[in-house]
Amino acid sequence: MSASGGTKAIVAALAANLAIAVAKFVAFIFSGSSSMLAESVHSLADSGNQGLLLLGGKKAQREATPQHPFGYGRERYIYAFLVSIVLFSVGGMFAIYEGYEKIKDPHPIEAWYWPVGVLVFAIIAESFSFRTAIKESNAIRGGLSWTNFVRRAKAPELPVVLLEDLGALVGLVLALGGVGLALATGDGVWDGIGTLCIGVLLIVIAIVLAAETKSLLLGESAGVDEVKKIEAAVVDGDTVTRLIHMRTLHLGPEELLVAAKVAVRHDETASEVANAINAAEARIRAAVPIARVIYLEPDIFSESAAAAGENPAKAPGGPAAH
């Protein structure tokens, strides 16, 4: 996995979640708090999720084969999608079930210092993990807002870890609130309500993750900046006179496919056109290094063909469209 895959953030989150899961489960045993049980399962699910992200990064590094000629870069998207399923089913649905059971049959929290102490410890540990994820993300998000970063990032690991850590911190606050109200009122129903809120939170985060990774799995084009760089690199003004139309597709977070039809002068020889195409490919790779698979088709630009039909990009010699 490349540096942009956020390996450091994943490992930090994995270490924090394993330690927190054990601490929360011990607190549940001594206190009987349903919020603590839901949170321990949440942390355990998060630990499994980080394991899935690391596994996906490892599998994505495999070399291309005749059966998979474009490689395995999308493995990272598949495993990120699995994370959303685990978060929904294991984390969210379990918390909702546990919260419902606690509300239906409430009982007081025993040994209050266990859940309170563990929750405070967990908030501190998750804060360090969240800080690492933010630092790793800041190195690559540029001027994007956090919302746009999550929506536009081609490497799924950092957005997943960011949302998981944010959800974990909010969930811990909800758990602390539920436990605190249950202790203050002597009514265990508040513990169940806190657990229900944790479940709803996890399901919302899982749905957001699923929607974003689904888009990556379907295949996303290059970002606006990359498209502009490719367009500028294609034309040399000599043999390659213009870009007729182009399509881009991410084969993985760090691998881009570029397919384009370019206009060449009608009086150029085959050898000159071939050399111009090779030079254009070299310029594209220099401008956008992740553009590793490039197919350029030379054509003679036709004004009449470009003006034909409602979508000229579908016609031979049609204008550029993205």
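Anything mentioned here points back to the structure above.
Cut-offs used in this document
- Residues numbered from 1 in each chain as written.
- Predicted model: local features only at pLDDT ≥ 70, side-chain atom pairs only at ≥ 80, totals over all residues.
- Heavy atoms only, no water.
- Axes fitted to C-alpha atoms, helices over the stretch in contact; angles between N-to-C directions.
- Helix = DSSP H or I, 4+ residues; strand = E, 2+ residues; numbered from the N terminus.
- Parallel < 35°, antiparallel > 145°, perpendicular 65-115°, else oblique.
- Left-handed = near helix turned anticlockwise from the far one by under 90°.
- Nonpolar A, V, L, I, M, F, W, Y, C, P; charged D, E, K, R; others polar.
- Pairing = 2+ DSSP bridges.
- 1 Å grid on protein atoms, 1.4 Å probe; cavity = no way out; pocket = protein on both sides within 12 Å on 5 of 7 lines; lining within 4 Å.
- Points joined across faces, edges and corners; volume = space filled by probe spheres on them.
- Buried < 20%, exposed > 50% of the residue type's maximum accessible area, 1.4 Å probe, protein only.
- Lys, Arg positive; Asp, Glu negative; His and termini not counted.
- Salt bridge = Lys/Arg side-chain N within 4 Å of Asp/Glu carboxyl O.
- Polar contact = N/O pair within 3.5 Å; in protein donor to acceptor, adjacent residues only side chain to side chain.
- Contact = heavy atoms within 4.5 Å.

Colleague: How do you make sense of the packing of helix α1 (residues 7-31) against helix α2 (residues 34-59) when you look at a structure like this?
Modeller: What describes two packed helices is the angle between their axes and the distance between those same axes. One can describe the packing of α1 onto α2 by two numbers: an axis separation of 8 Å at closest approach and a directional angle of 155°. It follows from the interaxial angle that α1 and α2 lie roughly antiparallel. Judged by the sense of rotation from one axis to the other, the crossing of α1 with α2 is left-handed. Split by residue class, the contact of α1 with α2 holds 14 nonpolar, 7 polar and 3 charged.

Colleague: Would you explain the pairing of strand β3 (residues 291-299) in this entry?
Modeller: Alignment of strand β2 (residues 255-264) against β3, held across 8 bridges, turns out to be parallel. In the sheet register, Leu 257 faces β3, and the bridge partner there is Val 293.

Colleague: In this structure, what is going on with the layout of surface pockets? I would like to understand it.
Modeller: If you add up the space inside the largest pocket, you get close to 720 Å³. If you go around the largest pocket, you meet 24 residues; those closest to its centre are Leu 144, Arg 152, Lys 154, Gly 223 and Glu 226. If you list the elements that add at least two residues to the lining of the largest pocket, you get α4 (113-141), α5 (146-152) and α8 (224-234). Taken together, the residues of the lining of the largest pocket break down into 12 nonpolar, 5 polar and 7 charged.

Colleague: What should I look at first to understand the side chain of Arg 141 in this one?
Modeller: Here Arg 141 is to be found in helix α4. This buried residue, Arg 141, is left without a salt bridge; Glu 136 holds the nearest opposite charge, at 13 Å. A polar contact of 2.5 Å, which involves the side chain of Arg 141, links it to the backbone oxygen of Leu 144. Contacts of Arg 141, omitting those with residues within four sequence positions, involve Trp 146 and Phe 149.

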